[in-house]
Amino acid sequence: MKYISHLDLQRTCIRALRRASVPVALSQGFNPQPRLVFAAPLAVGIEGRNEYFDLFLTSFWDGTLLKQVLQEQLPAGLEIKATLPVDLHAGPLSALVEAALYVALFPVFPEEYAHILTDILEAEEFIVLRAGKNKGREVDIRPFIYNLETKKGSDTTRLFMLLATGSRGGARPEEVLAKFPGETKTVKVYRENIFIQNGEALITPGGEALQEYLERLRKS
Amino acid sequence: MFLSRIKRSIYLFLMEVVNIYMNTVDYQSLLDQVQKPARYLGKEINAVYKPPGDIDLHLALAFPDLYEVGMSHLGIKILYALSNNIPGVYAERVFAPAWDMEELLRTKRLPLFSLETGTSLCAFDLVGFTIQYELSYTAILNMLELGGIPLHSEERKKGDPFVMGGGPGVFNPEPLAPFFDFFVIGDGEEILPELLLEYRRWKKSGDAERRSFLRQIASIPGIYVPSFYEPVVREGKFAGLKPLLSGLPSVITKRTVDLEDSFYPEAFLVPYMNIIHDRAMLEIFRGCTQGCRFCQAGIIYRPVRNRSISRLRELGKNIIAGTGFEELSLASLSTSDYPGIEELVDALNEEFKDKDVQLSLPSLRADSFALRLADRVQKNRGGGVTFAPEAGTQRLRNVINKKITREEILGAAEEALFSGRNHIKLYFMIGLPTEKEEDLLGIAGLVREIAAVSGKAKKNKRSSFRITVSASTFVPKAHTPFQWEPQISLEEIKRRQNLLKREFRSNRKVNFTWHEAEMSFLEAVFARGDRKLAPALQKAYQMGSRLDAWSDEFSFSLWERAFRETGINPDDYAAFQPGYEDSLPWDHIDTGVSKDFLKKEHLRAIKGELTGDCRLEGCRGCGLKNCPGIQVTRDVPV
Ligand code: SF4
């Protein structure tokens, strides 16, 4: 499923809901659209382990039932992990998203790579060139890199990248990976989870605090 | 930019035969390296997966264009579901690879593979191409070679698949003759099950001779095995095809399905990526009796066959339930002509009352009936309407038998704009037989009149509107009354296009678009081509010609070189003007409509005489046997 675009994924979910006869609410306006909004678009080629969308229904549905009927209509590779009723006034998740945790799997992680990591974290800035409307523009993504750390396993080294994401700007995992020489294009990357602001702390939309989440992940 | 660079590098190692060392391709690793990987992914809702042990016939349904085009085509979806409904048969899809995927396959020496199981094309029993359009011919050759299948039928050996072709393009199959083992002429629903049965019988018999299978099916009505026929030349002139074996039919008659009782898919494939027509299609009838004289579809799909309202309602309901599509398009050649179209629309509206399903009605006539019909289904009326007057003067519209008047066009335009639409799209053709300067100026005049109408509407209602004028170039097609007419020369196409460009330049409301002249020329060369064109086609392919229908990939100079090097003068084909008594390269393919009728229609065209719609005014004697319309025969004024 990582090969389909964000819009494709959205369309796929909407059509699954339609096949399941779930009464999805429509947006107001000239061209009403089903109200299903993903928290943060996922780039093509990156797998998502925990993705979220807000869904508005015209009548209350039991979460377990919704999960079951929707799952039956989804293609293999898309799994509904949980449904959660949300207060109508809670605001869209997409506006709350602060950061995303990406994991890159390196088959080998030489000493040289570790230095690159330190260099990134110690540098004042990290300039990348992004495609613009007419010409590329330079962006400093250093402020968007919250943390980088590795965890060595038996056959792979996991690189955890906590990157800012959302409407206030962010960094992309491939921008960080481009700093490493060699075949980083074929390094497998997935998005582990996304985080929203909760007072001073970052938590998953499900309510787990970032530090605990990371702790659990390091052990896994 | 990027793509064209790849294109050049491909020329260099093109002719190395792809090395096939396995039957299935691990294509996952390729998907990370291409644009729009969803093109090659498969696994869509309603895609079919069968356990290998259950399969005794493996069929590839190949479409010589990109996924987003092929998946918008109704025919392949019908055949996919139909074949997979037969126990033991497994049909998979294969589309043309885009440039980046082609380059990967060639550099990694991997074969072209199917979407469902990644099976290389050469490992199938049968490979069936849907042939829609002349400019897709090089894509067919590319897919064969990338798939590890020898290009020529005569080079294929035991174990190679049989390559078959079907679709509207096979009504003149001759330029493709050496590359195909056989062609299926007419409605696929009718022939395919019989053919598959025959194949399994042959396979089971243990007879491994390719030729004996071909000999067997050559007697099935509607199947044409080109290698069993040979062109006869008398006094330097083509004099028809001669069967090389006794007992072969000298004419291959198309097969027609009884539509009401025929198979129609309910489990439509639901693509992930945005394709050209991302919606469910409900084919309400097949065929058309309007009788436009340039139109090949109007001849080859005769007679008109309807599906009943009750069947359509049932199908529509099940299709939407099984796919979740938000739009259902009523497909046909001329939607307004469905008898009881209003009842049908009402019935479907009733069916989808609480379902948020948009009905769409393409191919409507340009009249107020059609507009009111469109209003019944359009939830927001802000969109546009499309009219196809085809010609700019009444005289020329009579020549082509397009039965619409200036008053009707203007009336419909006015109604469209006053009912809140803000965009009118107009289709015209240039280079039609007998076209003169005044006909071209007539296009500009008609558009100006419509612009004036919309000026009025603007004052009253809307603040903005647009008119798009699209001019294609007339291509004489086989089996039409205009098969005896030449196409105008390339220079003349450009001159006439420039004349229109000048006419519209100063009009800011009008957006004028035209088709690339060289493409229309090439289309004309192959539309009435013969077997002598096959080497030129192969040459152009070898020199790098690919998805020619995509204008950024199209290189005419390459085609010119290919023609030159194979000793072909393409003008001999595009400007071909045979006499009525001459044998034509496609005469052995029988559409059911008589050559005599086409000739009479041609003569009426030259005189500017209209021929009525046989559904409304009685049978015109087109020669079709078993046509349900014949019963209403009155006197036949042809
Ligand atoms: S046989 Fe007569 S009614 Fe039937 S399509 Fe031909 S002209 Fe029309």
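Computed from a prediction, not measured in an experiment: that's the story for all the values here.

Visitor: Give me the overall build of chain A: which residues, what numbers.
Guide: Within chain A one finds 6 helices and 10 strands. Expected size for 220 residues packed as a compact globule is a radius of gyration near 17 Å; at 19 Å, chain A falls within 12% of this value. Taking the principal axes of the C-alpha coordinates as reference, chain A spans close to 55 × 45 × 35 Å. Looking at chain A as a whole, 43% of its 220 residues are labelled buried. For chain A, restricting intrachain contacts to residue pairs at least 6 apart in sequence, the fraction spanning at least 24 positions comes to 62%.

Visitor: Which residues make up the packing of aromatic side chains, and what values do they have?
Guide: Residue and element names in this part refer to chain B. All chains considered together, the criterion is met by 32 aromatic pairs over all chains. Here a set of aromatic residues connected by ring pairs shows up, and it is made of Phe129, Phe180, Phe183, Tyr224 and Tyr229. In this structure, Arg93 packs its charged tip against the face of Tyr80, placed 5.2 Å from the ring centre. When the ring centre of Phe162 is taken as origin, the NZ or CZ atom of Arg210, which lies over that ring, is 4.2 Å away.

Visitor: Now, about empty space enclosed by the protein: what can you tell me, with residues and values included?
Guide: All names here are of chain B. For the structure on display, the rule yields 5 cavities of 30 Å³ or more. In this model, the largest cavity occupies a volume close to 110 Å³. Gly291, Arg302, Phe597, Glu601 and Thr611 are the residues nearest the centre of the largest cavity, which is lined by 15 residues in total. Here the lining of the largest cavity is built from residues that sort into 5 nonpolar, 6 polar and 4 charged. Elements represented by at least two residues in the lining of the second largest cavity include exactly strand 2 (89-95) and helix 5 (99-108).

Visitor: Any chance you could break down the interface of chain A and chain B for me, citing the residues and the numbers?
Guide: Taken together, the contacts link 17 residues of chain A with 25 residues of chain B. Roughly 1700 Å² is buried in total at the junction of chain A and chain B, and carbon and sulfur atoms are behind 52% of that figure. Sorting the residues of chain A by area buried against chain B places Tyr3(A), Arg15(A) and Arg18(A) first, and these three jointly supply 43% of that buried surface. At the boundary of chain A with chain B, the tally comes to 5 salt bridges. Where chain A meets chain B, there are 8 residue pairs in polar contact (both at pLDDT 80 or more).

Visitor: Explain the site of the ligand to me, using residue names and the numbers behind them.
Guide: Every one of the 10 residues lining the ligand counts as a neighbour, but Cys614(B), Cys619(B), Arg620(B), Cys622(B) and Cys627(B) are closest to it. The residue inventory of the shell around the ligand, partitioned by class, reads 6 nonpolar, 2 polar and 2 charged.

Visitor: Can you explain the domain arrangement of chain A? Please cite residues and give values.
Guide: Residues and elements named next belong to chain A. One can read the domain layout of chain A as domain 1 (6-90) and domain 2 (96-219). In this structure, domain 1 and domain 2 have C-alpha centres spaced 27 Å apart. With 13 residues of domain 1 in contact, the opposing surface of domain 2 contributes 15 residues. Buried area between domain 1 and domain 2, both sides added, is near 1100 Å², and the carbon and sulfur share of it is 52%. Area buried by domain 1 at its contact with domain 2 is led by Ile46, Arg49 and Tyr52, which between them contribute 45% of it. The interface formed by domain 1 and domain 2 holds 2 salt bridges in total. Viewed at the interface, domain 2 and domain 1 are joined by 7 residue pairs in polar contact (both at pLDDT 80 or more). Residues of the side of domain 1 that touches domain 2, tallied by class, amount to 7 nonpolar, 3 polar and 3 charged.

Visitor: Explain the environment of Gly206(A) to me, using residue names and the numbers behind them.
Guide: Residue and element names in this part refer to chain A. Looking at where Gly206 falls in the secondary structure, it is placed in the loop between strand 10 (201-203) and helix 6 (210-219). Classification of Gly206 by relative accessible area gives exposed; the value is 61%. With 123 residues separating them in the primary sequence, Gly206 and Thr83 have C-alpha atoms 9.9 Å apart.

Visitor: Give me the nonpolar core: which residues, what numbers.
Guide: By size, the foremost hydrophobic cluster in this structure holds 167 residues, and its most contacted members are Phe129(B) and Phe182(B). Listed in part, the 36 residues of the second largest apolar core include Ala40(A), Ala100(A), Met161(A) and Ala171(A).

Visitor: Explain the side chain of Glu198(B) to me, and be specific about the residues and the numbers.
Guide: With respect to the helices and strands, Glu198(B) occurs in helix 7 (residues 188-205). Not counting residues up to four positions away in its chain, the partners in contact with Glu198(B) are Phe213(B), Gln216(B), Ile217(B) and Ile220(B).

Visitor: Give a detailed account of the sheet that holds strand 5 (residues 182-184) of chain B, specifying residues and quantitative values.
Guide: All names here are of chain B. Taken together, the 6 strands give an open sheet; going across it, the order is 2-1-3-4-5-6, and neighbouring strands pair in mixed fashion. Pairing within the sheet leaves two strands with one partner each, and these edge strands are strand 2 and strand 6 (223-224). Pairing of strand 5 with strand 6 involves 2 bridges; the strand directions are antiparallel. Directly across from Phe183, in strand 6, lies its bridge partner Tyr224. Packing against the sheet, helix 6 (residues 137-146) makes contact with strand 1 (57-63), strand 2, strand 3 (126-130) and strand 4 (162-166), and its axis sits at approximately 160 degrees to strand 3.

Visitor: So, helix 4 (residues 111-122) of chain A: which residues are in play, and what are the values?
Guide: Residue and element names in this part refer to chain A. Between its terminal C-alpha atoms helix 4 stretches 17 Å, which fits the 16 Å expected from 12 residues at 1.5 Å a residue. If you check which residues of helix 4 are buried, you get Tyr113, Ile116, Leu117 and Ile120. The buried residues of helix 4 all sit within an arc of 100 degrees when viewed along its axis, so they share a single face. The outward face of helix 4, more than 90 degrees from its buried face, is lined by the exposed residues Glu111, Asp119 and Glu122. In this structure, the buried residues of helix 4 make contact with strand 4 (97-106), strand 7 (145-152), strand 8 (157-164) and helix 5 (173-177).

Definitions and cut-offs
Residues numbered from 1 in each chain as written. Chains lettered and ligands numbered in written order. Predicted model: local features only at pLDDT ≥ 70, side-chain atom pairs only at ≥ 80, totals over all residues. Heavy atoms only, no water. Helix = DSSP H or I, 4+ residues; strand = E, 2+ residues; numbered from the N terminus. Rg over C-alpha atoms; globule rule 2.2 N^0.38 Å. Buried < 20%, exposed > 50% of the residue type's maximum accessible area, 1.4 Å probe, protein only. Contact = heavy atoms within 4.5 Å. Phe/Tyr/Trp six-rings, centres within 6.5 Å; stacked < 30°, edge-to-face > 60°. Lys NZ or Arg CZ within 6 Å of the ring centre and 35° of its normal. 1 Å grid on protein atoms, 1.4 Å probe; cavity = no way out; pocket = protein on both sides within 12 Å on 5 of 7 lines; lining within 4 Å. Points joined across faces, edges and corners; volume = space filled by probe spheres on them. Nonpolar A, V, L, I, M, F, W, Y, C, P; charged D, E, K, R; others polar. Buried area = accessible area lost by both parts, 1.4 Å probe. Salt bridge = Lys/Arg side-chain N within 4 Å of Asp/Glu carboxyl O. Polar contact = N/O pair within 3.5 Å; in protein donor to acceptor, adjacent residues only side chain to side chain. Near = heavy atom within 4 Å. Domains from an automatic or database assignment. Core = buried A, V, L, I, M, F, W, Y, C linked by side-chain atoms within 4.5 Å. Pairing = 2+ DSSP bridges. Axes fitted to C-alpha atoms, helices over the stretch in contact; angles between N-to-C directions. Expected span 1.5 Å × (residues − 1). Arc of directions from axis to C-beta.

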